[in-house]
Amino acid sequence: MMSLLITLLMAMVIGTVGSAVAPGTMPGGILGAMLAGFAGAWIGYWLLGSWGPIIAGFAVIPSVLGAALFTLLLGLISRGSANRRA
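Small disclaimer: the values here were computed from a predicted structure and weren't measured.

The nonpolar side chains of a soluble globular protein tend to be buried, and buried together. Met10, Ala11, Ile14, Ala41, Phe58, Val60, Val64 and Ala67 form the largest nonpolar core, which has eight residues in total. Looking at this core, the elements that each hand over two or more residues are helix H1 (2–21) and helix H3 (60–85). Not counting residues up to four positions away in its chain, the partners in contact with Ala41 are Phe58 and Ser63.

In C-alpha cells:
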C-alpha cells in the first residue's frame, strides 16, 4: 500500500516538474500531472533508457524529460484542435 502511494506521489511530482519545464499547460490538475508523470516515465525510458537516480521505480531525469515532451506534444495537439474548431 505504501509503495502505491509513493509511486503515485512520484508520478505527480514528475508530471508537475515536466509541465513546468515545457511551455504550455497540462490540463486536468493533479490527475493530469499523474498522467503526464506515468506517460513521461514511459516515454523517457523508451527514448533515454534508465539512468540517473531511481526513486519508486522511476528513473527521475528521463522521466522528467519525457513528461516535458508529453506536455509539449499535448499542448500542440490541443492548440491544433482548438484552431480547427474556430
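What follows concerns H1. The terminal C-alpha atoms of H1 lie 29 Å apart, and with 20 residues this matches the ideal 28 Å at 1.5 Å per residue to within 8%. Of all the residues in H1, the buried ones are Met10, Ala11, Ile14, Gly15, Gly18 and Ser19. Viewed along the axis of H1, the buried residues span an arc of 155°, placing them on a single side of the element. Pointing more than 90 degrees away from the buried face of H1 are the exposed residues Met2 and Ala20.

The grouping of Trp46, Leu47, Leu48, Trp51, Ile61, Leu65, Leu69, Leu73 and Leu76 at the surface amounts to a nonpolar patch, some 870 Å² of accessible area in total. Ranked by residues supplied to the nonpolar patch, first place goes to H3 with five residues. What makes Leu65 partly exposed here is its relative accessible area of 46%.

Attention now moves to the packing of aromatic side chains. According to the stated counting rule, one finds two aromatic pairs in the structure shown. Where Phe38 meets Phe58, the ring centres are 5.9 Å apart and the plane angle is 45°; that geometry is what we call tilted. Residue Phe38 is found in helix H2 (residues 29–48), and its partner Phe58 is found in strand E2 (residues 58–59); the two are separated by 20 residues along the sequence. Phe38 sits in the partly exposed class, given a relative accessible area of 37%. Judged by its relative accessible area of 6%, Phe58 falls in the buried class. Aromatic side chains Trp42 and Trp46 sit 6.3 Å apart centroid to centroid with 5° between the ring planes, which places their arrangement in the stacked category. One end of the pair is Trp42 and the other is Trp46, both in helix H2 and four residues apart, which spans about a single turn. Classification of Trp42 as exposed rests on a relative accessible area of 60%.

What counts as what
- Residues numbered from 1 in each chain as written.
- Predicted model: local features only at pLDDT ≥ 70, side-chain atom pairs only at ≥ 80, totals over all residues.
- Heavy atoms only, no water.
- Core = buried A, V, L, I, M, F, W, Y, C linked by side-chain atoms within 4.5 Å.
- Buried < 20%, exposed > 50% of the residue type's maximum accessible area, 1.4 Å probe, protein only.
- Helix = DSSP H or I, 4+ residues; strand = E, 2+ residues; numbered from the N terminus.
- Contact = heavy atoms within 4.5 Å.
- Expected span 1.5 Å × (residues − 1).
- Arc of directions from axis to C-beta.
- Patch = residues over 30% accessible without salt bridge, like charges linked within 9 Å, V, L, I, M, F, W, Y side chains within 5 Å.
- Areas by Shrake-Rupley, 256 points an atom, 1.4 Å probe, with all protein chains shown as cover.
- Salt bridge = Lys/Arg side-chain N within 4 Å of Asp/Glu carboxyl O.
- Phe/Tyr/Trp six-rings, centres within 6.5 Å; stacked < 30°, edge-to-face > 60°.

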